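The residues making up each chain are set out below.
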Amino acid sequence: MSTLRDLAEEHTGLGPADIDHLTRLAGDWQLLSDLSFADLLLWVPVRAESGKPGAFLCVAQVRPTTAPTAYQDDQVGKIVGGPEVAHLDIAYAQGRIWREGDPVWYGDTPARHEAIPVRLRGEDENIEVIAVIGRDTNLSTARTPSQLELNYLTTADDLAQMVADGTFPPPRHVGEHTSAPRVGDGLIRLDAGGKVTYASPNAQSAYRRLGFNAHLVGEDLSVLSSRLAADPLEGTDAAERILTSLRGEAPPRQEVQARGATVLMRALPLKPAGVPIGALVLVRDVTDVRRRDRALMTKDATIREIHHRVKNNLQTVAALLRLQARRVDAPEARMALEESVRRVASIALVHETLSMSSDEAVEFDGIVDRVATAATEVAATEITVKMRREGTFGVLPAEIATSLVMVLNELLINAVEHGFPSPAEDGEPSVTPSGPAGEVVVSAHRFRKQLHVTVADNGQGLPDGFVADASGRLGLQIVRALATGELRGTIELRNRAGGGTEAVLVVPLGKR
């Protein structure tokens, strides 16, 4: 299904600013739908070549969570014209809310049509109608409305007029989401003086959690919220945001904490026809959500501390091995200990990165670059070898990163030491790189939930008759064991067509 932006760009003459406004409206109109107990359909006039003259295209639809829907089928993408959209034509051409007409039938469902013009206030204060909202109410369950429903409908009419005025939705604040709080979480209506004229049962319960056991109706909400808040600064901030909404502005959302409870508040100004008449305050009890958030933060901090301690322990082990290597006279034993130091240090890099991450995943490119740099510095060769990375590894889970860094460390060391060995005893080089200089390239790309990694050099290539599975080198044994075991992938060593060697590693990235 095409998005609102795709449909508008393909079938209409709306500009980027118009489409952005409609996108913000569709992101915030669940509130209007729930208060109206009605489906909302966003209709835009189409170009002549996209449909018949006077036709409208539905680019977005939302169903109420407070009432049955009038449409069982999705209407997005539908183009209609003629008598069927006469109410849309009137609202669009005259710029007014259309409420006339008899109920219509959608199959066996009776519905009431309404049409709300959508205006955009331009930078030059020029206001024009750019779309129409169809507000269609399912009448099959019509009954005498309760006090809650009457307050919902009254507030919905005020918001509908603000849509027609171009003042709803309000500007979105950075970092805010549109999903909460919603109408069903708790609704409070304020008059122009900030006094509560209506509070839904859920809103009353939210304030009861904060420590207010009386009825909210008649209370000055800004004063009450300031008095209840455990933190005086937090209470002052909440009160100021309520007063800001009464002045016709839409402040950012605010959380109020008291008596171990946390309530999220969103204040929206009500100013139909440009006249401030009060505010709509949506509240949601998020106590359990914040408690889980704090538990997760504590868990994350504990995990990061564990990784930090593992990194420190690994560095201690590497330091002990390095000290031992200095005391060993046998060259082979010293070399074995130094190789162990490099392997332990490569694992410590992963844990160092994890200790600074908020989840069990690492940005692997930086780790590869550090391992590659270390490989050129410590490899036993006198030929200058350059390291280069192509592509990106991206973010990898810890269980893959730990084994993969070991594999790459071994492959890089082998590429430098065996692809470009030191000069022979007579002083002549034993090999000349096939390229202009010694180079090792690490390439990475993702394809079909697999990570493909190639470590290629332009050195002397594999010796004649080389069989990787039969090699007795410890480094290659580690590579094979980790690649086929821990990583559940495949590894292949082969000569390059242009000279040199390449190791091709394929690692699945699916669920492990």
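As the structure is a computational prediction, the values presented were derived from the model and not from experiment.

Novice: I would appreciate a short explanation of the overall build of the chain in the present structure.
Specialist: For the chain, the count of helices and strands is 13 helices and 18 strands. For the chain, contacts bridging at least 24 residues in sequence account for 62% of all contacts bridging at least 6. Summed over all atoms, the accessible surface of the chain reaches about 25,200 Å², with 52% contributed by carbon and sulfur.

Novice: What's the story with the side chain of His-87 in this structure? I'm lost.
Specialist: Assignment of secondary structure puts His-87 in helix H4 (residues 86–94). Filtering out sequence-adjacent residues up to four positions away, His-87 remains in contact with Trp-98, His-113, Glu-114 and Ala-115.

Novice: I keep staring at the sheet that holds strand S17 (residues 490–495) and nothing clicks. Help me out?
Specialist: Two modes of strand pairing occur in sheets, parallel and antiparallel, and in both the strands are linked by backbone hydrogen bonds. The sheet built from five strands is open, its strands ordered S13-S15-S16-S18-S17 with mixed pairing. The sheet terminates laterally at strand S13 (385–391) and S17, the two strands that pair on one side only. Adjacent strand axes in the sheet meet at a mean angle of 15°, parallel and antiparallel pairs treated alike. Note: strand S15 (residues 438–446) against strand S16 (residues 450–457), seven bridges, orientation antiparallel. Of the residues in S16, the one forming a bridge with Val-441 is Ala-456. Its contacts with the sheet put helix H12 (residues 398–419) on S13, S15, S16, S17 and strand S18 (501–508), and the angle it makes with S16 is roughly 15°.

Novice: Help me understand the packing of aromatic side chains, please; the structure alone is not making it clear to me.
Specialist: Between two aromatic rings, the relevant description is the distance of the centres plus the angle of the planes. With the rule as written, the count across this model stands at three aromatic pairs. Relative to Tyr-152, the ring of Phe-37 lies with its centre 5.7 Å away and its plane at 20°, an arrangement referred to as stacked. Here Phe-37, found in the loop between helix H3 (30–36) and strand S1 (39–45), pairs with Tyr-152, found in helix H5 (residues 147–165); they are 115 residues apart in sequence, far enough to count as distant. Overall, the relative accessible area of 5% leaves Tyr-152 in the buried class. With centroids separated by 6.0 Å and ring planes inclined at 80°, the aromatic side chains of Phe-56 and Tyr-92 adopt a geometry described as edge-to-face. Taken together, the residues Phe-56 in strand S2 (residues 56–62) and Tyr-92 in helix H4 connect sequence positions 36 residues apart.

Novice: Is there a simple way to explain the sheet that holds strand S9 (residues 254–258) in this structure?
Specialist: Strand order in the open sheet formed by five strands is S8-S7-S11-S10-S9, and the pairing between neighbours is antiparallel. The open sheet terminates on both sides in strands that have one partner only, identified here as strand S8 (196–199) and S9. On average, adjacent strands in this sheet sit at an angle of 25° to one another, irrespective of strand direction.

Novice: Help me out: how do you make sense of the confidence of the model for the chain in this one?
Specialist: Do not read the fine detail of predicted coordinates wherever pLDDT is low. Residues of the chain with pLDDT of at least 70 account for 89%, and the chain-wide mean is 85. The low-confidence segment residues 425–430, where pLDDT is below 50, has six contacts with residues more than four positions distant or belonging to other chains.

Novice: How should unusual backbone geometry be read in this particular structure?
Specialist: Peptide bonds are mostly trans, and most non-glycine residues show a negative phi. Residue Pro-169 is bonded to the preceding Phe-168 through a cis peptide linkage, with omega at 5°. Its identity is not glycine, yet Arg-448 carries a phi of approximately 50°, on the positive side. Mapped onto the elements of the fold, Arg-448 is located in the loop between S15 and S16. Its identity as a non-glycine residue notwithstanding, Arg-488 has a phi of 55°, on the positive side. Mapped onto the elements, Arg-488 comes out in the loop between helix H13 (474–486) and S17.

Novice: So what exactly am I meant to see when it comes to the packing of H12 against H13 here?
Specialist: The description of two helices packed together rests on the angle between their axes and the distance between the axes. Viewed as axis vectors pointing N to C, H12 and H13 meet at an angle of 150°, and their least axial separation amounts to 9 Å. Here H12 lies roughly antiparallel to H13, going by the angle between them. You can see that H12 and H13 cross each other, and the crossing is left-handed. Together, Ser-403, Met-406, Val-407, Glu-410, Leu-411 and Asn-414 of H12 and Gly-475, Leu-476, Ile-478, Val-479, Leu-482, Ala-483 and Glu-486 of H13 make up the contact between the two elements. Across the contact of H12 with H13, the residue classes break down as eight nonpolar, three polar and two charged.

Novice: Please explain the packing of helix H1 (residues 4–11) against helix H2 (residues 16–28) as it appears in this structure.
Specialist: Interaxial distance between H1 and H2 falls to 10 Å at its minimum, and their mutual angle equals 150°. By crossing handedness, the relation of H1 to H2 is classed as right-handed. Contacts between H1 and H2 involve Leu-4, Arg-5, Ala-8 and Glu-9 on the former and, on the latter, Ile-19, Asp-20, Leu-22, Thr-23 and Ala-26. In terms of residue class, the contact of H1 with H2 is built from five nonpolar, one polar and three charged.

Novice: I'm lost on the pattern of salt bridges in this one. Help?
Specialist: A pair can form between side chains of opposite charge whenever their charged atoms are brought close. A full pass over the atoms with the stated rule returns 22 salt bridges. In this structure, the salt-bridge partner of Glu-114 is Arg-99, at a minimum N-O distance of 3.1 Å. Within this pair, whereas Glu-114 is found in strand S5 (residues 109–121), its partner Arg-99 is found in the loop between H4 and strand S4 (104–106), the two being separated by 15 residues in sequence. Under the relative-accessibility criterion, Arg-99 is labelled partly exposed at 43%. Where Asp-369 meets Arg-389, a salt bridge forms, and the shortest distance between an N and an O atom there is 2.8 Å.

Novice: Before we go on, may I ask you to explain the pairing of S9 in this structure?
Specialist: The two faces of the sheet receive side chains in turn, since in a regular strand these alternate between them. Every second residue of S9 is oriented toward a common face, the buried set being Gln-254, Val-256 and Ala-258 and the non-buried set Glu-255 and Gln-257. Here S9 pairs with strand S10 (residues 261–270) via five bridges, running antiparallel. Each residue of the ladder has a partner; that of Ala-258, found in S10, is Ala-261. Between S9 and S10, which pair antiparallel and follow one another directly, the connecting turn spans two residues, one of which, Arg-259, has a positive phi of 55°.

Novice: Hey, could you run me through the environment of Ala-60 in this one?
Specialist: The topology assignment puts Ala-60 in strand S2. When the C-alpha positions of Ala-60 and Thr-3 are compared, they lie 8.1 Å apart, and in sequence the two are 57 residues distant. Here Ala-60 is in contact with Leu-4, Ala-26, Trp-29, Leu-40, Leu-41, Leu-42 and Val-76, once residues within four sequence places are set aside.

Novice: I would appreciate a short explanation of helix H10 (residues 331–354) in the present structure.
Specialist: In an α-helix there are 3.6 residues to a turn, and that puts residues three or four apart on one side. Taking 1.5 Å of rise per residue, 24 residues should cover 34 Å, and H10 covers 35 Å from first to last C-alpha, within 8% of that figure. Along H10, the residues classified as buried are Leu-337, Val-341, Arg-342, Arg-343, Val-344, Ser-346, Ala-348, Leu-349, Val-350, His-351, Thr-353 and Leu-354.

Novice: Hey, could you run me through the environment of Gly-475 in this one?
Specialist: Structurally, the position occupied by Gly-475 is in helix H13. For Gly-475, a relative accessible area of 9% puts it in the buried group. Spatially, the C-alpha atom of Gly-475 lies 5.8 Å from that of Glu-410, the residues being 65 residues apart in sequence. When residues no more than four places from it in sequence are discounted, the contact partners of Gly-475 are Arg-343 and Glu-410.

Each value, and the rule that gives it
- Residues numbered from 1 in each chain as written.
- Predicted model: local features only at pLDDT ≥ 70, side-chain atom pairs only at ≥ 80, totals over all residues.
- Heavy atoms only, no water.
- Helix = DSSP H or I, 4+ residues; strand = E, 2+ residues; numbered from the N terminus.
- Contact = heavy atoms within 4.5 Å.
- Areas by Shrake-Rupley, 256 points an atom, 1.4 Å probe, with all protein chains shown as cover.
- Pairing = 2+ DSSP bridges.
- Axes fitted to C-alpha atoms, helices over the stretch in contact; angles between N-to-C directions.
- Phe/Tyr/Trp six-rings, centres within 6.5 Å; stacked < 30°, edge-to-face > 60°.
- Buried < 20%, exposed > 50% of the residue type's maximum accessible area, 1.4 Å probe, protein only.
- pLDDT = per-residue confidence, 0-100.
- Parallel < 35°, antiparallel > 145°, perpendicular 65-115°, else oblique.
- Left-handed = near helix turned anticlockwise from the far one by under 90°.
- Nonpolar A, V, L, I, M, F, W, Y, C, P; charged D, E, K, R; others polar.
- Salt bridge = Lys/Arg side-chain N within 4 Å of Asp/Glu carboxyl O.
- Expected span 1.5 Å × (residues − 1).

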